[in-house]
Each structure stands twice: as C-alpha cells, then as structure tokens.
Amino acid sequence: MDERQALIAFGALSQETRLRLLRLLVVAGPDGIAAGSLAEQVEVSPSNVSFHLKELERAGLVSTRRDARSIVYSAEYEALSGLIRFLMEDCCSGRPEICAPALASPCCQPGEGTRQ
C-alpha cells in the first residue's frame, strides 16, 4: 500500500459510523452482512449506511456482491492487512522486538478483538 492509498483509507475510517460499519464487517467474516442488517445494527437509516459504505468501498476497504434482492458487504481483508503493514513497515528504527507484541497478537482467536 502506498501513502496515497493509506491516506484515503484513513480518511474513510476517520468517521464514527464508517469505523463501526467496518468493525462489524470484520467480525462477520468473508460472508459479510446485508446493507439492511448493517443499518439496523448501527441504528442509522439505510440511505445513511449506503453513503458510508460507498466511502469505505471507494477506499478499497469493503467489497459488495448481490445476493438475491440484497447487497451484501464484506471487509477487504487484504486491504486491511496492507494498511497495517503500511503502518508497521519501518517499525521502531530497526528494533522489531518492540513491535513484535503487536504483530503477534492473535486477532482471530475466539473472543479476541470483539470489543464494541
């Protein structure tokens, strides 16, 4: 990920509703969540959710697919990994042991990373 892409991604994430939506999608996994369900979960109107999801999609952080009459959104895990790598690539002036705890954190363990 280059700096321009990182700035677009961070810009998209700098809004509360968009950050909440992305966190829900990360928790949902590759199956994603329908837009209507996302609207209910974040307690905003469907048109508001649609606006925010389009910003996340423009930033490359989410993708969409049609499932019958619903539009289902999913987190783009490769883009999220790229964003984390962008932040950590020059970690700690050549002292990777400082960053090791953050990088070794088991983000996909049951019960981990699900703070709301």
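Above this text is the structure in question.
Nothing here was measured: the structure is a model prediction, and the numbers come from that model. Chains are numbered independently. Their residues run from 1 in the order of the written sequence. Note on the predicted model: pLDDT of at least 70 is required for a residue's local features to be given, and 80 or more for side-chain atom pairs to be given and counted; whole-chain, interface and lining totals, by contrast, use all residues. No hydrogens and no water enter the side-chain calculation; it runs on all heavy atoms of the structure.

Sorry, what's going on with the pairing of strand S3 (residues 70–75) here?
On any regular strand, side chains alternate: one points to one face of the sheet, the next to the other face. Any two strands with at least two DSSP bridges between them are considered paired. Counting from the N terminus, the helices are the DSSP runs of H or I reaching at least four residues and the strands are the DSSP runs of E reaching at least two. By the bridge criterion, two bridges tie strand S1 (residues 33–34) to S3 in an arrangement that is antiparallel. The residue bridging Ile33 from the neighbouring strand is Tyr73, located in S3. Of the strand pairs in this sheet, strand S2 (residues 62–67) and S3 are connected by six bridges, and their pairing is antiparallel. Among the inter-strand pairings, Ser63 is bridged to a residue of S3, identified as Ser74. Hairpin remark: S2 followed by S3, antiparallel, with two residues in the connecting loop; positive phi at Ala68, about 60°.

Would you explain helix H4 (residues 46–58) in this entry?
What sets the pattern is the α-helix's 3.6 residues per turn: residues three or four places apart point alike. To estimate the expected span of a helix, count its residues, drop one, and scale the result by 1.5 Å. Helix length check: H4, at 13 residues, gives a terminal C-alpha distance of 18 Å against a target of 18 Å (1.5 Å per residue), a fit within 8%. Burial here depends on accessible area, computed with a 1.4 Å probe over protein chains only, as a share of the maximum for the residue type. Under 20% is buried, over 50% is exposed, and the range in between is partly exposed. Along H4, the residues that are buried comprise Val49, His52, Leu53 and Leu56. Burial along H4 is one-sided: seen end-on, the buried residues are contained in an arc of 100°. Summarising the geometry of H4, the exposed residues directed more than 90 degrees from the buried face are Ser47 and Arg58. We call two residues in contact whenever any of their non-hydrogen atoms come within 4.5 Å of each other. Packed against the buried residues of H4 are helix H1 (3–13), helix H2 (16–28), helix H3 (35–42), S2 and S3. The arc in question is the one traced by the directions running from the helix axis out to the C-beta atoms.

What's the story with the side chain of Thr17 in this structure? I'm lost.
Note that Thr17 resides in helix H2. Look past the residues within four positions of Thr17 in its chain and what remains in contact with it is Val44, Asn48 and His52.

Quick question: what am I supposed to make of the side chain of Ser74 here?
For Ser74, the position within the fold is in strand S3. The exposure class of Ser74 is buried, given its relative accessible area of 7%. Pairs of N or O atoms are called polar contacts if they sit within 3.5 Å, as long as, within protein, a hydrogen donor faces a hydrogen acceptor (for residues adjacent in sequence, only side-chain-to-side-chain pairs). Within the local environment of Ser74, its side chain forms a polar contact with the backbone oxygen of Pro30, the two atoms lying 3.3 Å apart. Residues within four places of Ser74 in sequence aside, it is in contact with Leu25, Pro30, Asp31, Gly32, Leu61, Val62, Ser63 and Arg65.

Would you mind going over the nonpolar core with me for this structure?
Side chains that are nonpolar tend, in soluble globular proteins, to be buried together. What we call a nonpolar core is a set of buried Ala, Val, Leu, Ile, Met, Phe, Trp, Tyr and Cys residues that are connected through their side-chain atoms within 4.5 Å. Leu22, Leu25, Leu38, Leu53, Leu56 and Leu61 are the most contacted members of the largest nonpolar core, which has 23 residues in total. Elements supplying a minimum of two residues to this core: H1, H2, H3, H4, S3 and helix H5 (77–88).

Teacher, can you tell me more about the packing of H2 against H3 here?
Relative placement of two packed helices is described by the angle separating their axes and the distance separating the axes. Note on definitions: angles span 0 to 180 degrees between N-to-C directions of axes, and those axes are lines fitted to C-alpha atoms, for helices only across the stretch in contact. For the pair H2 and H3, the least separation of the axes is 11 Å and the interaxial angle reads 120°. With respect to each other, H2 and H3 are oriented oblique. Like other packed secondary-structure pairs, H2 and H3 cross with a definite hand, here right-handed. Where H2 approaches H3, its residues Arg20, Leu21, Leu24 and Leu25 are matched on the opposing element by Leu38, Gln41 and Val42. Of the residues belonging to the contact of H2 with H3, the class tally is five nonpolar, one polar and one charged. Each angle receives one of four descriptions, namely roughly parallel if under 35 degrees, roughly antiparallel if over 145, roughly perpendicular if within 65 to 115, and oblique otherwise. For any helix crossing, the convention is left-handed if the near helix is rotated counterclockwise from the far helix by under a right angle, and right-handed if that rotation is clockwise. In this classification, the charged set is Asp, Glu, Lys and Arg, the nonpolar set is Ala, Val, Leu, Ile, Met, Phe, Trp, Tyr, Cys and Pro, and all remaining amino acids, among them Gly, are polar.

From the geometry alone we can't say anything about function, so treat these as descriptive.
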